[in-house]
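# Structural overview for review
This is what each chain is made of:
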Amino acid sequence: MSTAPKDFVGSHKQKDWPKHIVIWAFIIIEMFPLYMMFQVSFKDNASFLRNPWAPTPPYTVVETRVAADGEAIVKTRVADWSEVFAGAKPSDPSVQTAVKSFDLSVYKFRNWGFGLGLIGPYIANTVFVAVTGTFFTLTLAILGAYFFARYKMPFSGVLWAAFLVLMLMPGVANIVPLFSLLKDMNLLNTLWALIIVGVAGGQVFNIFVLRNFIEDLPKDLFEAAEMDGASHLAQIRNVVIPMSGSIIGTLSILAFLGKWNDFLLPLIVLRDKELFTLGVGLIYLDGEYVKQWGQIMAAYFIASIPLIVIFLFCMKLFVRGLSAGAVKG
Amino acid sequence: MAFPISRQKALREWKLYFLIVPALLLVCTFSYFPAASAIYHSFFDWSGGDTKQLIGLDNFKRALGDDVLWGSFITVSILIVFNLFKMIPSIIMAVLIHRVKSDRWQYIYRVMLVVPMIVPSLVTLFIWKFFFDPNLGVLNNVLDFTGIKTLLVWMDGLFGWGVFFENAPIGWLSQPDLILPSLFIWGFPWIGAVGVLIYLSGLQSIGAEVYEAAELDGVGPFKKFLYIELPLILTQVRLSLVLLIIGTLQGFGLQLLLLGESGGAGGRGMVPGLWMYNKAFVAGEFGYACAVGMILFVFILGLTFINNKYVRVEK
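Residues numbered from 1 in each chain as written. Chains lettered and ligands numbered in written order. Predicted model: local features only at pLDDT ≥ 70, side-chain atom pairs only at ≥ 80, totals over all residues. Heavy atoms only, no water.

### Notes on the overall build of chain A
Broken down by element type, chain A carries 14 helices and four strands. Its C-alpha atoms give chain A a radius of gyration of 28 Å, clearly above 20 Å, the size a compact globule of 329 residues would have. Within the span of chain A, comprising 329 residues, buried residues form 49% of the whole. Long-range pairs, those at least 24 residues apart, make up 72% of the contacts in chain A with a sequence separation of at least 6. Carbon and sulfur atoms make up 68% of the accessible area of chain A, which totals about 15700 Å². One way to put it: in chain A the 26 positive side-chain charges average out to a point 5 Å from where the 23 negative ones average out. (Helix = DSSP H or I, 4+ residues; strand = E, 2+ residues; numbered from the N terminus. Rg over C-alpha atoms; globule rule 2.2 N^0.38 Å. Buried < 20%, exposed > 50% of the residue type's maximum accessible area, 1.4 Å probe, protein only. Contact = heavy atoms within 4.5 Å. Areas by Shrake-Rupley, 256 points an atom, 1.4 Å probe, with all protein chains shown as cover. Lys, Arg positive; Asp, Glu negative; His and termini not counted. Charge placed at Lys NZ, Arg CZ, Asp CG, Glu CD.)

### Observations regarding the packing of aromatic side chains
Applying the stated criterion across every chain, the model contains 51 aromatic pairs over all chains. On the numbers, 5.1 Å between centres and 55 degrees between planes, the contact of Phe38(A) with Phe301(A) is tilted. Remark: Phe301(A) occurs in helix H13 (residues 293-313) and Phe38(A) occurs in helix H1 (residues 17-40); sequence separation between them is 263 residues. Through pairs of rings, three or more aromatic residues link up here, namely Phe32(A), Tyr35(A), Phe48(A), Trp53(A), Trp293(A), Trp128(B), Phe130(B), Phe131(B), Phe132(B), Phe164(B) and Trp172(B). The ring of Tyr59(A) is capped by Lys100(A), whose NZ or CZ atom sits 5.1 Å from the centre of that ring. It is Arg150(A) that lies over the ring of Tyr151(A); its NZ or CZ is 4.7 Å from the centre. (Phe/Tyr/Trp six-rings, centres within 6.5 Å; stacked < 30°, edge-to-face > 60°. Lys NZ or Arg CZ within 6 Å of the ring centre and 35° of its normal.)

### Thoughts on the interface of chain B and chain A
Across the boundary between the two partners, chain B contributes 101 residues, which contact 109 residues of chain A. In this assembly, chain B packs against chain A so that about 10000 Å² is buried in total across both faces, 78% of it on carbon and sulfur atoms. Counting every contact that joins chain B to chain A gives 10 residue pairs in polar contact (both at pLDDT 80 or more). Per-element tally for the side of chain B that touches chain A: the top contributor is helix H2 (residues 17-41) of chain B, with 17 residues. Split into classes, the residues belonging to the side of chain B that touches chain A amount to 74 nonpolar, 16 polar and 11 charged. (Buried area = accessible area lost by both parts, 1.4 Å probe. Polar contact = N/O pair within 3.5 Å; in protein donor to acceptor, adjacent residues only side chain to side chain. Nonpolar A, V, L, I, M, F, W, Y, C, P; charged D, E, K, R; others polar.)

### Points about the sheet that holds strand E2 (residues 72-78) of chain A
Residue and element names in this part refer to chain A. The antiparallel open sheet is built from three strands, whose spatial order is E2-E1-E3. Edge strands, defined here as strands with exactly one partner in the open sheet, are E2 and strand E3 (95-102). Neighbour-to-neighbour, the strand axes of the sheet open up by a mean angle of 20 degrees, direction not taken into account. (Pairing = 2+ DSSP bridges. Axes fitted to C-alpha atoms, helices over the stretch in contact; angles between N-to-C directions.)

### Quick look at helix H13 (residues 221-250) of chain B
The end-to-end C-alpha distance of H13(B) is 38 Å, clearly below the 44 Å that 30 residues give at a rise of 1.5 Å each. Where H13(B) bends most, the angle comes to about 50 degrees, and this point is Leu234(B). (Expected span 1.5 Å × (residues − 1). Bend = angle between axes of the 7 residues up to and from the residue.)

### A word on unusual backbone geometry
Of note, the bond from Phe188(B) into Pro189(B) is cis; its omega dihedral lies within 30 degrees of zero at 5 degrees. Note that Pro189(B) resides in the loop between helix H10 (179-185) and helix H11 (193-203). Backbone geometry at Asn189(A) places phi at a positive 65 degrees, although glycine is not the residue there. By the element assignment, Asn189(A) lies in the loop between helix H6 (175-184) and helix H7 (191-215). We note that Trp190(B) has phi near 60 degrees; this positive angle belongs to a residue other than glycine. Its place among the elements puts Trp190(B) in the loop between H10 and H11.

This is the structure in structure tokens:
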């Protein structure tokens, strides 16, 4: 690495490796749930109980024993890690032969099929709610932010205060009346209820951030556009949106994440199983009495895949946006 | 700032108001109206239907004598103290990453921190619920394996807690006395990616010459943290402190999912928000739930006010 002046941040006398060790220790513990989720998703309950920690080795052991009436009993089981190198050990003194063989079928890929069957419909519903909701949240917030940022219109101060007050107001008391409001609007048990409430709830924060951003854009751009006879909508389309791509991207990711993780409102609003979003769906899954952990973990993993895709494509936005957005808010 | 505009020009630009109308309409319908409705209905005996009866302050009188409600405020205060403690690992992590010399490693660590965020928070919660399982759970396995359980049983014998037993698995979520400890352990090692990134962005504003000067004066690593790094991230720490206190006070999703709608064994995990939810959607007493919501609302609003007025950190 270059000897940038930044190297002074760490002391010259101090060694760097202890810090790395501590950071790695934190990160490994932090990643542990992820690891468990992944490795358990390939097991059935029996092999999970036999060996909860490590992934199963790709071997099976066929044990033969002779029962009291002279009949041979053949049993197949998953190999332990100790048997992979040392050869099969009989699990019982009565076992006569134990043969180890390479076998990929110990990995229950079918768990993933089950998992997808369990939560596939929920994911589809959630994608619909999150994508539609994010789109409308951002569209309306850009329009609103433009209104506040462009001119000091009469009453815009009052309206701004009305929005800002909501930032300080705790929303917890709202949930009970919100339920009866949605009931009166005949929106209970619909996905549109989630979308519309989500869009309303996202306005204040997004308008707040976007207004600051649009006000920092060069004024000449707007004046030039106005000279050319551009309407306000044209100015938004041709000046605001191209200039604020990164902030809109970050806000969209935050909005999407929020809607993806939401479970309280869906829990109250949705009744039919066909309409369940991921939040309620997972709660429903958690309530099942007999649990096949492998299938459930596979389902959990599948629930994360859309976020993994977003993460892979917008990692920079993710990391930078989270730190930058936080400073402003 | 926005352009000042003359009255004539504003009249010509009246169409601009159309831009704010949709957002305003939504906010009025789904934020202001429910808030007003909550105040209104807290004076009624109302079970969610069309019939309601004005009972004045009876809901509030009932709330004053409601032991569960005040117990839940105590619980939530304890949880706030827990959460304050849980802020420390994130600060340590941010300072450590900041002090790593190589820029490349700093970036790698940042990315690694964000990776767990791809797991939906609900899934993280359910994985923890699975960790807490008495028989299959990872937590009990780890405690058995490392011998910490023997230590816990010994300490139980010493202090007479009556929660850890030699030959029974630890029932983290089923023992009333273990519910608060479980809520504390939850999320170990308590590193919030967002928090660490916020602190890191604060730390990055420290100039190299400050460190150089400290180096020349022979300031040790701990003093460096105390006198250089901590003061500079105090603004960010304060921000997350405020968000955390308000978030803990009104949050109840964690308790609802981990412990159920009655706050777990013995109701030890009951928090005010959950009590409101329980009264509305389990007991069907919407009017009383609105009153509980109002009381919580006043608490939070008061805290926000005090915070904005008095807790100022000079930059």
